[in-house]
Amino acid sequence: MATYANSLPEQNAASSEKAQLPWTAIAWFGALLIACYAPVLFGLVRQWATDEDVGHGFFVPLVAGYIVWKCRGQLAAKKPVSNYWGLVIVILGAVQMLLGTLGAQIFVARAAFLVSLVGAVLFLGGTRTLKILAFPLFLLVFMLPIPAIIYARITLPLQLFASSVAETVLNFIGIPVLRDGNVLELANQRLSVVEACSGIRSLMSLGFLSLIYAYFFDKKVWMRWVLLPATIPIAIAANASRVTLTGVLSDYRPDLARGVFHLFEGWVLFLVALTLLIAFHQLVNRIYRAAGKHGTT
């Protein structure tokens, strides 16, 4: 009986460490953030709906929210400790939004929402909570379109690269083509590698999927940061292949370079790129296991 009586305080102490998440405070802060950033968020959602390059943005907060929900056990394991530096970050985010709005810097204003969100998490849950939620918070970066100045600088080189690869391959297989910048002159029609065919869309989507794939299918945290940069050459190669395939098909039937078939072709090559990413993941794991076995011998 004495042993049982002595164990009660220990159980009470342990249960006191475990606490319900501050749902009321979370709801208040969430509502205030959405209200304060409503014009910015509305413009962001509208761009998701109208710009195919960022159509994946609808899925980013849903996936990030699901990962947060999966972490609820870790979050409730110990009582959250508020960190008032979080309020400072929230205020800095608000100032950033105002400056971005006044300066017509859309990306700066949108990124301010993430800054304030990080500050709110730090204030409500402390550094421990922020560490647990670091990955889903980072994923939210993928819901922001690339800044216009960066987009303009990287699209043209990608267009020129894809058209150059297509020209080389088409001439090699016997299809005569003349390239003028990002325009391919074939015997029966002209193909223009426009911004939509630069590969930015597949690069952003594939980068997001690489992190999600690594999170759900590999417990090694470092694997996420190995797969993410690997998406760059894979997406660029897949886009160049798409332009080349379009040239081959249009030499056979010009109508295949447009419309539904061209869209379907893009989806097929995106799935091929995703398959290459999975194959690269398997290769990295094989090298990792082989290095581990070699190290233990």
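Structural data are supplied above this passage.
As a starting point, this report considers the structure included with it. (Residues numbered from 1 in each chain as written. Predicted model: local features only at pLDDT ≥ 70, side-chain atom pairs only at ≥ 80, totals over all residues. Heavy atoms only, no water.)

Some details on unusual backbone geometry
Negative phi characterises most residues that are not glycine, and trans characterises most peptide bonds.
Line of reasoning, step 1. Even without glycine at this site, Ala104 takes up a positive phi of about 60°.
Line of reasoning, step 2. Among the secondary structure elements, Ala104 is positioned in the loop between helix 6 (85–102) and helix 7 (106–132).
Line of reasoning, step 3. Under the relative-accessibility criterion, Ala104 is labelled exposed at 63%. (Helix = DSSP H or I, 4+ residues; strand = E, 2+ residues; numbered from the N terminus. Buried < 20%, exposed > 50% of the residue type's maximum accessible area, 1.4 Å probe, protein only.)

What to know about helix 7
Since the α-helix advances by 3.6 residues per turn, residues separated by three or four positions end up pointing in the same direction.
Line of reasoning, step 1. Its 27 residues place the ends of helix 7 only 29 Å apart at the C-alpha level, less than the 39 Å of an ideal helix rising 1.5 Å per residue.
Line of reasoning, step 2. In helix 7, a bend of some 125° at Gly125 exceeds every other bend along the element. (Expected span 1.5 Å × (residues − 1). Bend = angle between axes of the 7 residues up to and from the residue.)

Observations concerning the nonpolar core
Proteins that are soluble and globular tend to have nonpolar side chains buried together.
Line of reasoning, step 1. Tyr37, Ile67, Phe113, Leu133, Leu139, Leu140 and Met143 are the most contacted members of the largest nonpolar core, which has 40 residues in total.
Line of reasoning, step 2. The element best represented in this core is helix 7, accounting for nine residues.
Line of reasoning, step 3. Those residues in contact with Leu133, other than ones at most four positions away along the chain, are Val68, Cys71, Leu75 and Val121.
Line of reasoning, step 4. Leu227, Ile234, Ala238 and Ala273 belong to the second largest nonpolar core, which has twelve residues in total. (Core = buried A, V, L, I, M, F, W, Y, C linked by side-chain atoms within 4.5 Å. Contact = heavy atoms within 4.5 Å.)

Side note on a nonpolar patch on the surface
Line of reasoning, step 1. A surface patch of nonpolar side chains, amounting to about 390 Å² of accessible area, comprises Val45, Phe58, Phe59 and Leu62.
Line of reasoning, step 2. Looking at the element boundaries, Leu62 is found in helix 4 (residues 59–70).
Line of reasoning, step 3. Given a relative accessible area of 60%, Leu62 falls into the exposed group. (Patch = residues over 30% accessible without salt bridge, like charges linked within 9 Å, V, L, I, M, F, W, Y side chains within 5 Å. Areas by Shrake-Rupley, 256 points an atom, 1.4 Å probe, with all protein chains shown as cover. Salt bridge = Lys/Arg side-chain N within 4 Å of Asp/Glu carboxyl O.)

Observations regarding the packing of aromatic side chains
Line of reasoning, step 1. For the structure on display, the rule yields twelve aromatic pairs.
Line of reasoning, step 2. Between Tyr84 and Phe123, the aromatic rings sit 5.3 Å apart at their centres with planes inclined by 70°, giving edge-to-face as the arrangement. Remark: Phe123 occurs in helix 7 and Tyr84 occurs in the loop between helix 5 (72–75) and helix 6; sequence separation between them is 39 residues.
Line of reasoning, step 3. Given the relative accessible area of 12%, Phe123 is considered buried.
Line of reasoning, step 4. Centre to centre, the rings of Tyr215 and Phe216 are 5.0 Å apart; their planes meet at 90°, and the pair counts as edge-to-face.
Line of reasoning, step 5. A connected cluster of aromatic rings, assembled from ring pairs, spans Tyr66, Phe135, Tyr215 and Phe216. (Phe/Tyr/Trp six-rings, centres within 6.5 Å; stacked < 30°, edge-to-face > 60°.)

Looking at the pattern of salt bridges
Line of reasoning, step 1. According to the stated counting rule, one finds two salt bridges in the structure shown.
Line of reasoning, step 2. A salt bridge links Glu167 to Arg179; the nearest nitrogen and oxygen atoms lie 3.0 Å apart. Within this pair, whereas Glu167 is found in helix 9 (residues 148–172), its partner Arg179 is found in strand 1 (residues 178–180), the two being separated by twelve residues in sequence.
Line of reasoning, step 3. As a salt-bridge pair, Asp218 and Lys220 come within 3.0 Å of each other at their nearest N and O atoms.
Line of reasoning, step 4. Using a relative accessible area of 7% as the deciding quantity, one classes Asp218 as buried.

A word on the layout of surface pockets
Line of reasoning, step 1. Taken as a whole, the largest pocket encloses approximately 930 Å³ of empty space.
Line of reasoning, step 2. Going through the elements one at a time, helix 2 (23–36), helix 3 (38–50), helix 4, helix 5, helix 7 and helix 8 (134–139) are the ones with two or more residues in the lining of the largest pocket.
Line of reasoning, step 3. Element by element, the count of residues in the lining of the largest pocket is highest for helix 7, at seven residues.
Line of reasoning, step 4. Looking at the lining of the largest pocket residue by residue, the class counts come to 27 nonpolar, four polar and one charged. (1 Å grid on protein atoms, 1.4 Å probe; cavity = no way out; pocket = protein on both sides within 12 Å on 5 of 7 lines; lining within 4 Å. Points joined across faces, edges and corners; volume = space filled by probe spheres on them. Nonpolar A, V, L, I, M, F, W, Y, C, P; charged D, E, K, R; others polar.)

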